[in-house]
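One letter stands for each residue in the lines below.
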Amino acid sequence: MPPESYTVGRQSPVRRPASIKDVAAAAGVSPTTVSHVLSGNRPVNEDTAARVRSVVNRLGYVPASLARSLQAGSTSVIGLLIPDISNTFFAELAKGAEDAAHDLGYGLILCNTEFDADREDRYLGMIRSRFIDGMVYASGSPPSRRRLEALMGKFPIALADEEVEGLQGALIATADHEAGGRLVGEHLRALGHRRALMLTGPRALRSGVARANGFVQAFKGDVVERVGDFKEGSGHRLVADLLAQGGLDRTAVFAANDLMAFGALTALREAGLSVPDDISVVGFDDIRAASLAHPPLTTVHQPAYDVGRTATAQLLQYVSRGEVPPASRHTLPVELKVRGSTAPVTVAAAR
């Protein structure tokens, strides 16, 4: 039976919020069954569970615990926006964020943008219309500063891994991208390399720019830059195109993330070049597959899990107290992992 209506003064009837008994009656089950379906604590026949969920949606039922949270101005839920869940770097970042949220009694809504600016914009609009207490933002596409500023007026935001140019008052947790680029430049220079190809991500993303700047400053050699999109396909395409145009004329490749480095490795192998005998390759991130590549990839380890956990824990420290987080920056250290894809430059390659 649907919830009854009541009248306030001369106004139109106002519907009483649906109760768990209303849902049970409409679905033809007991209130206990409804509770089991919503909590997931005990198994319920799938047809019955589907019927209950349909009634919950139709009646707009809100569990009493959530209703009390909404009245108190809190839902104990935060949003997490990442660009590519299939990239294990972002999967680790998400795990760190979820673990921190769980430890502090919060749930987490995950939005995966696939590096698509329009998709990200839709997710940000969706998040704005939901009841959440805050958001952790790890963008992979050039972000909308105005959109984020509007959201910051609605709930607190922490930036994980990626800064946003011109955004004021944000809490930031990031690895030291520029230091990572310097480590790569110093490593390749120490091996005798003086001519390098640098594969960067979109220039609108500050993390990639910082990695490139650090590399160029430390390498102090001849650097050719090509802009990719942080995906494996772009690393392959950029290197293959240069090879098809008459040769690479480089002794080393620095890719701004591991996926583009994997693409570069494939293109070099297809061209009959040996890594590292003919050319050295370095990545950035140290995702799990880096040590399994052929050859194992020299790369910069950035602590993805710790970045996600730090951003979320710092955000929730203030959210749990009902306070607005102050603008702050937490920079986590990086480390160069030297593996089999780099070696001293050969006499022939140096010519």
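Let me sum up the structure you'll find in this document. (Residues numbered from 1 in each chain as written. Predicted model: local features only at pLDDT ≥ 70, side-chain atom pairs only at ≥ 80, totals over all residues. Heavy atoms only, no water.)

### Re the sheet that holds strand β5 (residues 134-137)
So, point 1. Pairing within the open sheet is parallel, and its six strands lie in the order β4-β3-β5-β6-β7-β13. Two strands bound the open sheet, and with one partner strand each, they are β4 (107-112) and β13 (328-332). For this sheet, the mean inter-axis angle between neighbouring strands, taken without regard to orientation, is 15°.
So, point 2. With four bridges joining them, strand β3 (residues 77-82) and β5 adopt parallel strand pairing. Following the sheet pairing, G79 is matched in β5 by M135. (Pairing = 2+ DSSP bridges. Helix = DSSP H or I, 4+ residues; strand = E, 2+ residues; numbered from the N terminus. Axes fitted to C-alpha atoms, helices over the stretch in contact; angles between N-to-C directions.)

### Structural notes on the packing of helix α1 (residues 20-27) against helix α3 (residues 46-59)
So, point 1. The geometry of α1 relative to α3 is characterised by a closest axis approach of 9 Å and an angle of 125° between their N-to-C directions. Here α1 lies oblique to α3, going by the angle between them. The two elements α1 and α3 cross, and the hand of that crossing is right-handed. Facing α1, whose interface residues are D22, V23, A26 and A27, α3 presents R51, V52, V55, V56, R58 and L59.
So, point 2. Tallied by class, residues from the contact of α1 with α3 come to seven nonpolar, no polar and three charged. (Parallel < 35°, antiparallel > 145°, perpendicular 65-115°, else oblique. Left-handed = near helix turned anticlockwise from the far one by under 90°. Contact = heavy atoms within 4.5 Å. Nonpolar A, V, L, I, M, F, W, Y, C, P; charged D, E, K, R; others polar.)

### Topic: the pattern of salt bridges
So, point 1. For the structure on display, the rule yields 14 salt bridges.
So, point 2. Between R288 and E92 there is a salt bridge, with the nearest N and O atoms lying 2.6 Å from each other. Of this pair, R288 sits in the loop between β11 (280-285) and β12 (298-301) while E92 sits in helix α5 (residues 88-103), and the two are 196 residues apart along the sequence.
So, point 3. Residue class for R288 comes out exposed when judged on its relative accessible area of 60%.
So, point 4. The exposure class of E92 is partly exposed, given its relative accessible area of 22%.
So, point 5. For D285, the salt bridge is made with R211, and the minimal N-O distance between the two is 3.9 Å. (Salt bridge = Lys/Arg side-chain N within 4 Å of Asp/Glu carboxyl O. Buried < 20%, exposed > 50% of the residue type's maximum accessible area, 1.4 Å probe, protein only.)

### Topic: helix α11 (residues 258-270)
So, point 1. Taking 1.5 Å of rise per residue, the 13 residues of α11 would be expected to cover 18 Å, and the 18 Å separating its terminal C-alpha atoms lies within 8% of that figure.
So, point 2. In terms of residue burial, α11 counts as a mostly covered element, since 10 of its 13 residues are buried.
So, point 3. Taken residue by residue, α11 has D258, L259, M260, A261, F262, G263, A264, L265, A267 and L268 as its buried positions.
So, point 4. Structurally, α11 contributes buried residues whose contacts are with β8 (195-200), α10 (232-244), β10 (252-255), β11 and β12.
So, point 5. Where α11 terminates, the next one or two residues include G272, which has phi positive at roughly 80°. (Expected span 1.5 Å × (residues − 1).)

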